[in-house]
Amino acid sequence: MRLVQSLLTYLNQSYARTHGKESTQDFGLRYFRQYLMLDSSIQRALSASIKRWIAEERGTKDNVPHAQRPVFVALFKHLQAHGLYPDYEEEYCALTREYYTAESERLAKELDARAFLEHVLHRIEVEVDRARAVLSVGSWAIVRRATEESLCKGRLQWIAAYALGVLVDRDEKDKLKEVYELFSRVDGLPKLNEVWKDYVKDKVTAIVTDVANDDKMVDRLLQFKNHANRIVEECFLTPYPEDKLDEASSSVIPARAPNQSFVYALTDAFGKGFQARKIKPAEMIARYLDSTLRKGQKGKSDKEFEAGLDAALSLYKYTDDKDVFRTFYHRALAKRLLLQKSASDDFEIAMLKKLKEHYDPEFGMGEEMFKDLALSRDMMLDFHDKLPANDLARRLTVMVLQRSAWPFTVSKSTIDLPPKMQDALSEFTKYYKGKHQGRVLDWDHALGTATLTARFDAGEKELSVSLYQAVVLLMFVDVPKRTFAEVKELAGKLDDGDLRRTLQSLACGKKRVLLKVPPGKDVHNGDVFQFNAEFTDSQRRVHINSIQAKVSAEESQKTQYTIEGERKHILDAAIVRIMKGKKELTLQELQSSVIAAVAKHFIPDVKKVKGRIEAMVEQEYIERVPEKQNTFRYVA
């Protein structure tokens, strides 16, 4: 054609162009297309050649390009020049679908999901590279989609279920991005999201139900949540919103935001995982915050420390047991304040404000607690000013608390104080009643503290102890050795469990200012205790760990028992209030209304709601309607 065109150049310019005739080039191409390219035998030969070439390339072990690939590159360019490319593009895609559908069927039986996924991703990469090298630009995406759909058709659930969890556990973000992009192109994101949600739920369930590692529960939940958040933020991304594209600079690559479906799935899965175990997760979150607020910043900036508190508090929204968290947090806060164990009053106040404004209005009770402490400090200054300079009561510090603001009941059993201590309390009682006639002081020594001076062989030490520990240690001032029975008798009405734990902290812990015979971790009736004159410590001021600050298993059980009792009262009140307003409701309507009414405190089990409805019938607050099945009426 080039030779003919050059020989007839003059004819084209002087005659064909001026007389409106077809150029020799167009004439030649038209005849070439009509009598050669459209010839059925030639078309069959071309199709067979393309099929053989592509089969040989795909069939090689490493997908090495065929030696004749450049010929087919030129062929597809010729086809495009002659307007025949679409037919051969369609045939190319049909061959692709046929080949990879068969390969998918075969490999699904031979490989596990993880290996199959690796193969699919590799095949797609190779196929796209081949299309880029041989086909026109418009065919690249078409070939990719044909490859992906043929390999993945009917296998998306299987791939996601067995491969996603492994990739997340191994933190293979690059591979996860590839998987997400693959699923997005084959309309598989709903299936991937479903598997993602199940994966997160199973992980959270495993953590919250691992009873042996309850103490690590919150740390593990936070670590997993951070990991899951990073996966969503870095791997599961949606395109930049179309309505924002015009606002973006053409010189800047548009950002991509996390896919909100996966964000919502993560949140929902955490909530469902928490439901696998009632009460305990809420308790452990409160205890984790308690520990963090005791330890303080430990070198962290205010911003870093607050971020850590917020992260732990973010778990609160996943639990249905809001009342459990509130109760344990309230008790822990009270202990921190009374034992002066809080690292920062500013952070305590900020936390209470955040809890009240964003989570639960009932956290306003903390304001009354701080008010009581401030009034008590002012009262003690006035009390001390009225005492002689050498009066023992000047060493006394009393916190006067409103019973309604603090989560403690008056102790029924308490320790007998030494006479001098009791005299100091009597002086304060006299002072207080002089200022507040008609008020009654109930002393609670369980959270009292004391500082003792002890003389050991190695030198003098100051011992920071609980009031119970102080009273027990003072029993050994004149008598260096006592039996358990003697200590118990001197302790008076102190609960047996509290006495044993107190002795355990003094004789069985890391800092043993008492010795126990025989040695052991537990206190038994036949044990004998004596003052440990050989005790040593590098610090002059020694803090003896007490059980005051810790939540014992017994205290946890008592608190949970109290919560269960309060829940019954809340349910009863809700039932009566609803029935008083509605007058008559079916069982289903009443149950739904009660659950909705108490949801801000906890989500009750339907069986428990039904049980409380029966109790209200027995107590004649409501009655069954004889003529209507499963219907109740309010009794005025």
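Residues numbered from 1 in each chain as written. Predicted model: local features only at pLDDT ≥ 70, side-chain atom pairs only at ≥ 80, totals over all residues. Heavy atoms only, no water.

### A short note on the overall build of the protein chain
To keep it simple, the criterion reads: A run of H or I in DSSP counts as a helix once it spans at least four residues, and a run of E counts as a strand once it spans at least two, with each numbered from the N terminus. Here's how the labels work: a residue is buried when its accessible area is under 20% of the maximum for its type, exposed when over 50%, partly exposed in between, all with a 1.4 Å probe on protein chains only. Any two residues whose heavy atoms approach within 4.5 Å are treated as being in contact. We get accessible surface area from the Shrake-Rupley algorithm with a probe of 1.4 Å; when it comes to residues, only the shown protein chains can shield them.
In terms of helices and strands, the protein chain carries 26 helices and 11 strands. By the burial criterion, 42% of the 636 residues in the protein chain qualify as buried. Residue pairs in contact within the protein chain that sit at least 24 positions apart in sequence constitute 67% of those at least 6 positions apart. Of the roughly 35700 Å² of accessible surface on the protein chain, 52% is carried by carbon and sulfur atoms.

### Thoughts on the sheet that holds strand β7 (residues 528-531)
We apply this condition: Here, strands pair whenever DSSP counts at least two bridges between them. Fitting a line to C-alpha atoms yields each axis, with helices limited to the stretch in contact; the angle taken between N-to-C directions then spans 0 to 180 degrees.
The 3 strands lie next to each other as β5-β7-β6, forming an open sheet whose pairing is antiparallel. Here the strands that pair on one side only, and so sit at the sheet edges, are β5 (481-483) and β6 (514-517). The sheet shows a mean angle of 25° between the axes of neighbouring strands, direction not considered. Alignment of β5 against β7, held across 3 bridges, turns out to be antiparallel. Among the inter-strand pairings, T483 is bridged to a residue of β7, identified as V528.

### Observations concerning the sheet that holds strand β11 (residues 631-634)
Overall, antiparallel pairing links the 3 strands, which are arranged β9-β11-β10 in an open sheet. Either end of the sheet is taken by a strand with one partner, and the two such strands are β9 (584-586) and β10 (622-624). Neighbour-to-neighbour, the strand axes of this sheet turn through a mean angle of 30°, independent of strand direction. Looking at chain direction, β9 and β11 are connected through 3 bridges and run antiparallel. Residue pairing in the sheet places T586 in a bridge with T631 of β11. Along the sheet, helix α26 (residues 606-618) contacts β10 and β11; its crossing angle with β10, the most-contacted strand, is approximately 100°.

### Quick word on unusual backbone geometry
The omega torsion of the bond from V517 to P518 falls at 0°, within 30 degrees of zero and hence cis. Along the polypeptide, P518 turns up in the loop between β6 and β7. In the Ramachandran plot, D187 falls in the positive-phi region, its phi being about 60° despite a non-glycine side chain. On the secondary structure map, D187 appears in the loop between α10 (173-185) and α11 (189-208). Given the relative accessible area of 61%, D187 is considered exposed. Positive phi values are uncommon outside glycine, yet K298 reaches one of about 50°. Residue class for K298 comes out exposed when judged on its relative accessible area of 69%.

### Focus on the packing of α10 against helix α12 (residues 217-235)
Quick reminder of the rule: Here is the rule for angles: anything less than 35 degrees is roughly parallel, anything more than 145 is roughly antiparallel, 65 through 115 is roughly perpendicular, and the remaining ranges are oblique. Handedness of a helix crossing follows the sense of rotation of the near helix relative to the far helix, less than a right angle counterclockwise being left-handed and clockwise being right-handed. The nonpolar class holds Ala, Val, Leu, Ile, Met, Phe, Trp, Tyr, Cys and Pro. Asp, Glu, Lys and Arg form the charged class, and all remaining residues, Gly among them, are polar.
With their axes 10 Å apart at the nearest point, α10 and α12 run at an angle of 55° to one another. Between α10 and α12, the angle falls in the class oblique. As α10 runs across α12, the sense of the crossing is right-handed. Contacts between α10 and α12 involve K173, L176, K177 and Y180 on the former and, on the latter, R230, I231, E234 and C235. For the contact of α10 with α12, the residue count by class is 4 nonpolar, no polar and 4 charged.

### Considerations on a negative patch on the surface
Let me state the cut-off plainly: The patch calculation keeps residues exceeding 30% relative accessible area without a salt bridge and links them within 9 Å when they carry like charges or within 5 Å when they are nonpolar (Val, Leu, Ile, Met, Phe, Trp, Tyr). The salt bridge criterion pairs a side-chain nitrogen of Lys or Arg with a carboxyl oxygen of Asp or Glu, the two atoms within 4 Å. Charge counting follows a simple rule: Lys and Arg are positive, Asp and Glu are negative, and His as well as the terminal groups are ignored. We put the charge of a Lys on NZ, of an Arg on CZ, of an Asp on CG and of a Glu on CD.
A cluster of acidic residues, E125, D129, D174 and E178, forms a negative patch at the surface. Of all the elements in the fold, those that place two or more residues in the negative patch are α7 (113-134) and α10.

### Description of the packing of helix α4 (residues 40-59) against helix α5 (residues 69-81)
Packing of α4 against α5 brings their axes to within 11 Å, and their N-to-C directions diverge by 135°. Taken as axis vectors, α4 and α5 run oblique relative to one another. At the point where α4 passes α5, the crossing takes the left-handed sense. Residue-level inspection shows L46, S49, I50, W53 and E57 of α4 in contact with α5, the latter providing R69, F72, L75 and F76. Among the residues forming the contact of α4 with α5, the class breakdown is 6 nonpolar, 1 polar and 2 charged.

### Digging into the pattern of salt bridges
Across all of its chains, the model carries 55 salt bridges by this definition. One salt bridge connects E367 with K356, and the closest N-O pair in it is separated by 3.2 Å. Of this pair, E367 sits in helix α19 (residues 365-385) while K356 sits in helix α18 (residues 345-358), and the two are 11 residues apart along the sequence. The residue R567 makes a salt bridge to E564 at a minimum N-O spacing of 4.0 Å. Separated by 3 residues within a single helix, R567 and E564 lie in helix α24 (residues 553-582), roughly one turn from each other. Residue classification places R567 among the buried positions, given a relative accessible area of 9%. Salt bridges linked by common partners bring E57, R58, R69, E127 and R130 together as one network.

### Overview of the packing of aromatic side chains
What counts here: Pairing of aromatic rings covers Phe, Tyr and Trp, the last counted by its six-membered ring, and requires centre-to-centre distances within 6.5 Å; plane angles under 30 degrees mean stacked, over 60 mean edge-to-face, and any other angle means tilted.
For the coordinates displayed, the defined rule picks out 26 aromatic pairs. Aromatic side chains W53 and F72 sit 4.8 Å apart centroid to centroid with 15° between the ring planes, which places their arrangement in the stacked category. With a gap of 19 residues between them, W53 in helix α4 and F72 in helix α5 connect regions that are remote in the sequence. Just as W53 is buried, F72 falls in that class too. One aromatic cluster in this structure is built from Y180, W196, Y199, F224, F236, F262, F270, F274 and Y318.

### With respect to the nonpolar core
Buried together is how nonpolar side chains tend to be arranged in soluble globular proteins. Rule in force here: Definition used in this section: a nonpolar core is a set of buried Ala, Val, Leu, Ile, Met, Phe, Trp, Tyr and Cys residues joined via side-chain atoms within 4.5 Å. An automatic or database domain assignment is the source of the domain bounds shown.
W196, F270, F325 and Y329 are the most contacted members of the largest nonpolar core, which totals 85 residues. Each of domain 1 (277-359) and domain 2 (373-445) accounts for three or more of the residues forming this core. Apart from residues no more than four positions distant in its own chain, F325 is found in contact with A282, I285, A286, L289, L313, Y316, L355 and F363. Counting residues in hydrophobic clusters, the runner-up holds 45 residues, among them M379, A470, F476 and F535.

### Observations concerning the pairing of strand β3 (residues 449-456)
Burial along β3 is one-sided: the residues A450, L452, A454 and F456 are buried and none of T449, T451, T453 and R455 is. Note that β3 and strand β4 (residues 459-466) share 8 bridges and pair antiparallel. Bridge pairing links F456 to G459 in β4. Where β3 hands over to β4, the hairpin turn is made up of 2 residues, counted between the paired strands.

### Considering the environment of F262
Locating F262 in the fold gives a position in helix α14 (residues 260-274). Note: C-alpha distance between F262 and P190 (72 residues apart in sequence) is 9.4 Å. Apart from residues no more than four positions distant in its own chain, F262 is found in contact with Y180, L189, L192, N193, W196, V232 and F236.

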